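Each chain is listed here by its residues.
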Amino acid sequence: MNVADSEVVVSILSKQGFKLTDEISDASVILINTCSIRENAEQRIWNRLKAIRHLKNKKNEVIVGLIGCMAERLKEKVLEAEQLVDIVAGPDAYRDLPVLVAEAESGHKAVNVLLSREETYADISPVRMDKNGVSSFVSIMRGCNNMCTYCVVPYVRGAERSREPGSIIKEVRQLFKSGYREVTLIGQNVDSYKWEDKGAVTEFPQLLEKVARIDPLLRVRFSTSHPKDISDDLLRIIARYDNICKHIHLPAQSGSTRILKLMNREYSREWYMDRISAIRTIIPDCAISTDMISGFCTETEEDHQASLSLMEWVGFDFAYMFKYSERPGTKAARKLKDDVPDNIKTARLNEIIALQNRLSAKSKRNDVGRIFEVLIEGFSKRSDEYLSGRTSQNKIVVFPKGNKRKGEFVRVLVDRCTSATLIGKISDNK
Ligand code: 5AD
Ligand code: SF4
């Protein structure tokens, strides 16, 4: 999400003559795009600000801006807390950045944290900052209406709004034309994508299908799906198109129905399991990943065991795992007590991580001996003699390069794996 936002910001500023630099000491404007989702994300930003203070001391005319979710959450407080910051711009205020920079240049602090009901930056062609030129994110919606009690996103990114489908298709076509071979459609909850125009409704399954039809050589991914909304219709579209990747990120957060209720996730353990069974039936070869939170308010050992048993039952291929971090202003912060001691949150998180390591290893071992179509993203980290790419299931595969190049599809026979990577060889030259 933040990468996609930064690309929009670069596009807006480029039109006004600004140029992107890789060298921070050359910059006359430094914008830090921020995330507020967990406290440690914000802590990293404070540290980053401290780290760039010397640049401001050296070159007082350098302008420092804090943009994105943390700007939205803390608003003017950022200006007061750190004398360093000149601009504060929330996630819906990026179009205003040229004006804010000019204001800061004339010596005034510049703030815009207005949230919008409409802004999707649909007409802005993001300037791609990825270096590989093979895969890219495309934002299809902004904001979230879900109100999970632990989550700050609805407060800092505002209400949900979908982007006009024509502009999405145009952007993806353009990416394909310039050599990209994979797009990931992103939104806080892609399943609730909805666009109405003169009575014609486009929902996520139809949008996904339209994108998949742009070209069979374009892989399509999407994230994030919400378990309460993921429909059989969507699963059938995924199954129908070879170029829609067989990987669904479906955050469970907890395996305990009682905790899910307190989190306001609007589904039960059984509902989640039913959705997993539907995925397994409709898309037999689909990888499934999750987000898990340990130590949410009132979580007991029994609730924690329910999370572990759910993870085991699903056999997730991958997971992002977090310790609950209370966020000011959320419903949980206002109404529930953050009563699980930190050492217990950590111990539970460690158990979750240990289990996931085992599940991820098993998922990779199951791939050994099989042939996968891999989209090559570049050289492997360790050696230019090896290429690296991903399977449709989103697993990284490394293999000797032969005569292949990045951006090409290749069939690879997996012959072994490490904890993070599948290793194989090109199985034919088709
Ligand atoms: N504490 C811990 N994890 C959180 N997440 C969101 N809010 C919090 C919080 N307050 C996690 C959820 C979500 C992911 C993006 O971040 O698991 O799916
Ligand atoms: Fe946050 Fe829940 Fe929305 Fe995800 S669905 S962004 S966790 S409120």
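Refer to the structure presented above.
Predicted, not measured: the structure shown is a model, and the values here were computed from it.

Engineer: Got a minute to help me understand unusual backbone geometry in this structure?
Structural biologist: Only a minority of non-glycine residues have a phi that is not negative, and only a minority of peptide bonds are not trans. The residue after Ser223, namely Thr224, is reached through a cis peptide bond having omega 5°. With respect to the helices and strands, Thr224 occurs in the loop between β11 (219-223) and α9 (232-240). You will see that Gln253, though not glycine, has its phi angle at about 70°, which is positive. Mapped onto the elements of the fold, Gln253 is located in the loop between β12 (247-249) and α10 (257-262). Its identity as a non-glycine residue notwithstanding, Asn394 has a phi of 75°, on the positive side. With respect to the helices and strands, the residue Asn394 is situated in the loop between β16 (386-391) and β17 (396-400).

Engineer: Before we go on, may I ask you to explain the sheet that holds strand β3 (residues 87-89) in this structure?
Structural biologist: Across a sheet, paired strands are connected by hydrogen bonds in the backbone, their directions being either parallel or antiparallel. The strand order across the open sheet built from 4 strands is β1-β2-β3-β4, with neighbouring strands paired in parallel fashion. Each having just a single partner strand, β1 (29-34) and β4 (110-112) make up the two edges of the open sheet. On average, adjacent strands in this sheet sit at an angle of 15° to one another, irrespective of strand direction. Along the sheet, helix α1 (residues 2-15) contacts β1 and β2 (63-68); its crossing angle with β1, the most-contacted strand, is approximately 150°. Contacting β1 and β2, helix α2 (residues 39-58) runs over the sheet at an angle of about 175° to β1.

Engineer: Where do I start with the site of ligand 2 in this structure?
Structural biologist: Taken together, the neighbourhood of ligand 2 is formed by Cys144, Asn146, Met147, Cys148, Tyr150, Cys151, Val153, Pro154, Gln188, His226 and Arg265. Looking at the shell around ligand 2 residue by residue, the class counts come to 7 nonpolar, 3 polar and 1 charged.

Engineer: In this structure, what is going on with helix α8 (residues 204-212)? I would like to understand it.
Structural biologist: Because each turn of an α-helix spans 3.6 residues, side chains separated by three or four positions in sequence point in the same direction. With 7 of 9 residues buried, α8 is to be regarded as a mostly interior element. Residues of α8 that are buried include every one of Phe204, Pro205, Leu207, Leu208, Glu209, Val211 and Ala212, and no others. Buried residues in α8 make contact with α7 (165-177), β8 (182-186), β10 (200-203), β11 and α9.

Engineer: Explain the nonpolar core here, please?
Structural biologist: Across soluble globular proteins, nonpolar side chains show a tendency to be buried alongside one another. Formed by 66 residues in total, the largest nonpolar core has its most connected members in Leu185, Phe204, Leu208 and Ile248. Other than its neighbours up to four places away in sequence, Leu185 contacts Val138, Ile140, Val190, Phe204, Leu208, Val211, Val220, Arg221, Phe222 and Ser223. Within the second largest apolar cluster, 20 residues are counted, among which are Leu49, Val64, Leu84 and Val88.

Engineer: Would you explain the sheet that holds β12 in this entry?
Structural biologist: Judged by pairing direction, the sheet is parallel, and its 3 strands sit side by side in the order β12-β13-β14 without closing on themselves. Each edge of the open sheet carries a strand with a single partner, namely β12 and β14 (318-323). Averaged over neighbouring strand pairs, the angle between their axes works out to 10° when direction is ignored. Note that β12 and strand β13 (residues 287-294) share 3 bridges and pair parallel. For His249, the partnering residue across the bridge sits in β13 and is Ser289. Along the sheet, helix α14 (residues 342-365) makes contact with β13 and β14, crossing β14 at roughly 175°.

Cut-offs applied
- Residues numbered from 1 in each chain as written.
- Chains lettered and ligands numbered in written order.
- Predicted model: local features only at pLDDT ≥ 70, side-chain atom pairs only at ≥ 80, totals over all residues.
- Heavy atoms only, no water.
- Helix = DSSP H or I, 4+ residues; strand = E, 2+ residues; numbered from the N terminus.
- Pairing = 2+ DSSP bridges.
- Axes fitted to C-alpha atoms, helices over the stretch in contact; angles between N-to-C directions.
- Contact = heavy atoms within 4.5 Å.
- Near = heavy atom within 4 Å.
- Nonpolar A, V, L, I, M, F, W, Y, C, P; charged D, E, K, R; others polar.
- Buried < 20%, exposed > 50% of the residue type's maximum accessible area, 1.4 Å probe, protein only.
- Core = buried A, V, L, I, M, F, W, Y, C linked by side-chain atoms within 4.5 Å.

Functional significance is not addressed by these values, which are geometric in nature.
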